Amino acid sequence: MSCHDAGTATAVIDSGTPLVALAGNPNVGKSTLFNALTGARQRVGNWPGKTVAVAQGAWRTPGGNRLRLADLPGSYSLLPDSPDEALVRDVLTAPPQARPDLVVFALDAANPARNLYLLSQILDTGIPVVVALTMTDVAARRGTAPDPGALARELGLPVVPVEGRERSGLDLLADAVTDALKAPASPAARWSAGSPVEPELEALVRASARAPHPYPERWLAVSLLCGERPADAPADLVSRARAGAARLEHAADGPAPGTDPAPGSAPGRDCAGPIEAADAELLVAEARYGWAHAVIERAAPRPAHARPTLTDRVDRLLLSRSFGIPFFLAVMWGVFQATTTLAKPLQDGLGDFVSGPVSGGAQALLDAVHAPGWLTGLLVDGLINGVGQLLTFVPLMAIMFALLALLEDSGYFARAAFVADRLMRTLRLPGRAFLPLVVGFGCNVPAFASTRILSRRSHRLLVGLLIPYTSCTARLAVYVMIAGVFFGSHSGTVVFFLYVASVLLVVGMGLLLRPLLFPHMREEPLVLELPPYRLPTLRVTGSQVRQKLGAFLRTAGGIIVATAAGVWLLMAVPAGAAAGGGFGNVAVEQSVFGRVTEAVAPVMAPAGFGDWHATAALGTGLIAKEGVVSTLAQTYSAEEDGGPRLTASLHATFEESSGGHPEAAALAFLVFVLAYTPCMATVAAQRAEIGTRLTLIGLGLQLAAAWLLATGVFQIARLLW
């Protein structure tokens, strides 16, 4: 439900333990392998000196060795086209003392040629490599599985078939890594670019070995030959590389023919350089692809007539223009409907337990020890009823996370970017811009870090302004509670349409902001690797639910305790001498909290919920949306001696504030919750990614849009209810 702390901690590097980097293309099973190797012994934090979050964990091998494992972002090339890819390049080409001791390269057995392009670049760094052959079951079904032994001979590297989902091959992988770490002095494997490129590279490598610089020698030689000039590159090497590029250009009979491009990069592009080095770039890229295809031809011969796979046949239907979006919407409606239906009995039972035995027992215990009234109020009316009301949503979150994990593990969720590509193009955004927005539906904070997959700064800034309009799961608890109170059995449909409204709001604000702030934004084609469809496994699904639910309990628990205590404190302080009573013995309306929220309430009157209870909840929601539910429970609990009759109280409040149109006011309240500022953690993450000026513009737009939309919804809906 909430992950406000994701990616904010700085990763701690234990310099005494070998560092193993897990690298590979996106969607090759790399993160699944990382989770299988580290289990719960992992954390997410910024790489030292960088702003990109990297998952790191402790890998304890069967032989008793302890390794540090870093899951580097998925990358198509060491030529960075995004901040994530820049991090991968910087980590692998860092000075020797900061470089990983070994790279485990996740190679997709179903699409090995695409992966080998990146592997050839990693081999240029000179870091020892062990190949983890993933997706072997998919390749076997297609009849294209490479022979691990033949592949190892062709590459000159250890190759270990693994299956992270089933945890097979992990011990063999650990043995291969341990053996490779014990023999660091052995010559590093390499690929040959052939004539005429390889002789020029060899000459530059020899010159590079005699010059002072912090980079891997062969990687620097390739970069300079292609026209790049890394920082601190010796001037004489740059001159030698220019001369070598000129000789290659002269030797080439026109531009080198294009080859199958790596996803995410331009055809034949290996590195970005000036126009005069174009032939050198193309020749190097052609050599990499030629080497990759030669390896595959010898290690994994392809059948003469490959038949369409099950994934191909399903994608023809689910990714079609006519059926793709309706199917996606139907799936999401089913998720929300199932979540609200299955969770309701569990929520009711937990709610009765909190408001009955827990609150009653705490009250009796405090009375028995003659606790002062203010302490009883803080514990019973503040913490127990505030925190307890929110914790009743734990079953709902668990069911939601489980259903979404099943969709993700099956491979369908990754198709969302393709389904949304046409929608994104209306904003001149690439289809991959939908991926940060999808993350935003889980939690807005890590969604901002996800914008780093976008290569253009204007794309990242626009998506950064749109992320707060994606409806995070912290808002889901508010939706379910209000919808359950006012719309009964139709609450699942109401929640679904709020998520549809969130998508429409993203598109609408994008259409408004793009011409105003980014009038010259250019489109970019969508290139994305899709995983095959697979049967979800209970272990992977359970692991995801456990991790996400644990993050919710850790983060939301702290937020709600602090918010509940703060709200109770403000409700306990009299607003001046005229309020009567003393600390902890004052009517809520006469407290500081009641007076302030009552003063703000008229602003919301046109939207149908101009009552201090509602404005109080929205106020704490600015800190964190988890506080909305607990504040409502808290304020009503403090008013009622008989216990928190939240449903009846909410009905009465909205009935009065809306002039007899409670359903219309409730819907407007939900729309306001959807559109206004998500939380302070989101604001901080947004400022870090897009800057203070755009963040302030975004805050103003969010509040204005929320008020205008809520007012419009109420004024129209009250004509119907």
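Residues numbered from 1 in each chain as written. Predicted model: local features only at pLDDT ≥ 70, side-chain atom pairs only at ≥ 80, totals over all residues. Heavy atoms only, no water.

## Quick notes on the packing of helix 19 (residues 457–466) against helix 28 (residues 680–690)
One can describe the packing of helix 19 onto helix 28 by two numbers: an axis separation of 10 Å at closest approach and a directional angle of 165°. One element, helix 19, and the other, helix 28, form an angle in the roughly antiparallel class. Helix 28 is crossed by helix 19, and the crossing has left-handed handedness. Taken together, the residues of helix 28 that come into contact with helix 19 (itself represented by Arg 460, Leu 461, Gly 464 and Leu 465) are Gln 686, Glu 689 and Ile 690. Grouping the constituent residues of the contact of helix 19 with helix 28 by class yields three nonpolar, two polar and two charged. (Axes fitted to C-alpha atoms, helices over the stretch in contact; angles between N-to-C directions. Helix = DSSP H or I, 4+ residues; strand = E, 2+ residues; numbered from the N terminus. Parallel < 35°, antiparallel > 145°, perpendicular 65-115°, else oblique. Left-handed = near helix turned anticlockwise from the far one by under 90°. Contact = heavy atoms within 4.5 Å. Nonpolar A, V, L, I, M, F, W, Y, C, P; charged D, E, K, R; others polar.)

## Examining the packing of aromatic side chains
Taken as a whole, this structure holds 14 aromatic pairs when the rule is applied. With centroids separated by 5.6 Å and ring planes inclined at 85°, the aromatic side chains of Phe 327 and Tyr 412 adopt a geometry described as edge-to-face. Here Phe 327 is found in helix 12 (residues 324–368), whereas its partner Tyr 412 is found in the loop between helix 14 (394–410) and helix 15 (416–419), with 85 residues between them in sequence. The exposure class assigned to Phe 327 is partly exposed, which follows from its relative accessible area of 27%. (Phe/Tyr/Trp six-rings, centres within 6.5 Å; stacked < 30°, edge-to-face > 60°. Buried < 20%, exposed > 50% of the residue type's maximum accessible area, 1.4 Å probe, protein only.)

## Let's talk about unusual backbone geometry
Cis peptide bonds are those with omega within 30 degrees of zero, and the linkage from Ser 195 to Pro 196 qualifies with 5°. Tracing the chain through its elements places Pro 196 in the loop between helix 6 (170–182) and helix 7 (197–209). The residue Asn 27 is not glycine, and still its phi comes out positive at about 60°. Topologically, Asn 27 is positioned in the loop between strand 1 (19–24) and helix 1 (30–38). Its relative accessible area of 34% is what places Asn 27 among the partly exposed residues. Its identity is not glycine, yet Arg 167 carries a phi of approximately 60°, on the positive side. The class of Arg 167 is partly exposed, set by a relative accessible area of 43%.

## A few points about the pattern of salt bridges
Here the structure, examined in full by the defined rule, presents eight salt bridges. The salt bridge partner of Asp 315 is Arg 415, with a shortest N-O separation of 3.0 Å. Remark: Arg 415 occurs in the loop between helix 14 and helix 15 and Asp 315 occurs in helix 11 (residues 310–318); sequence separation between them is 100 residues. A relative accessible area of 14% places Asp 315 in the buried class. Sharing partners across several salt bridges, the network here consists of Asp 124, Glu 198, Arg 218 and Arg 288. (Salt bridge = Lys/Arg side-chain N within 4 Å of Asp/Glu carboxyl O.)

## Concerning a nonpolar patch on the surface
Together, Leu 622, Ile 623, Met 680 and Leu 703 make up a nonpolar patch on the protein surface, roughly 330 Å² of accessible area in all. Counting through the fold element by element, Ile 623 comes out in helix 24 (residues 612–623). (Patch = residues over 30% accessible without salt bridge, like charges linked within 9 Å, V, L, I, M, F, W, Y side chains within 5 Å. Areas by Shrake-Rupley, 256 points an atom, 1.4 Å probe, with all protein chains shown as cover.)

## Details of the side chain of Arg 99
With respect to the helices and strands, the residue Arg 99 is situated in the loop between helix 2 (83–92) and strand 5 (102–108). Within the buried set, Arg 99 has no salt-bridge partner at all; the shortest N-O distance to an opposite charge, 8.6 Å, is to Glu 217. Beyond its immediate sequence surroundings of up to four residues, Arg 99 is in contact with Val 91, Leu 92, Thr 93, Ala 94, Thr 125, Ile 127, Pro 214, Tyr 215 and Pro 216. (Lys, Arg positive; Asp, Glu negative; His and termini not counted.)

## Some remarks on the pairing of strand 5
The element strand 5 is largely enclosed, with a buried count of seven among its seven residues. Covered by surrounding structure in strand 5 are Leu 102, Val 104, Ala 106 and Asp 108 together with Val 103, Phe 105 and Leu 107, the residues of both alternating faces. Pairing of strand 5 with strand 6 (residues 129–134) involves six bridges; the strand directions are parallel. Within strand 6, the residue paired with Val 104 across the bridge is Val 130. Following the backbone out of strand 5, through helix 3 (residues 112–123) and into the adjacent parallel strand 6, one traces a crossover that is right-handed. (Pairing = 2+ DSSP bridges. Right-handed = clockwise from strand over helix to strand, strands pointing away.)

## Quick look at the nonpolar core
One finds Leu 476, Tyr 479, Ile 482, Phe 609, Leu 632, Leu 650 and Phe 669 to be the most contacted residues of the largest nonpolar core, which totals 98 residues. Core analysis: the next-biggest nonpolar cluster, separate from the first, contains 66 residues, Leu 116, Leu 118, Val 197 and Ile 296 among them. (Core = buried A, V, L, I, M, F, W, Y, C linked by side-chain atoms within 4.5 Å.)

## A look at helix 11
Among the residues of helix 11, Thr 311, Asp 315 and Leu 318 are the ones counted as buried. Taken down its axis, helix 11 places every buried residue within 70° of arc, on the same side. (Arc of directions from axis to C-beta.)

## Notes on the confidence of the model for the protein
The predicted model of the protein has a mean per-residue pLDDT of 79, with 83% of residues at 70 or higher. Ranking the elements of the protein by mean pLDDT puts strand 2 (residues 42–46) last, at 51, and helix 27 (residues 662–675) first, at 95. A low-confidence stretch, residues 1–13 (pLDDT under 50), is modelled with 46 contacts involving residues beyond four sequence positions or located in other chains. Here residues 640–644 scores under 50 on pLDDT; set against residues more than four positions off or in separate chains, the count is five contacts. (pLDDT = per-residue confidence, 0-100.)

## What about the pairing of strand 6?
In terms of burial, strand 6 is a largely internal element, six of the six residues being buried. A two-sided burial pattern is seen for strand 6, the buried positions comprising Val 129, Val 131 and Leu 133 on one face and Val 130, Ala 132 and Thr 134 on the other. Examined bridge by bridge, strand 6 and strand 7 (residues 159–161) share three bridges and lie parallel to one another. Each residue of the ladder has a partner; that of Ala 132, found in strand 7, is Val 160.

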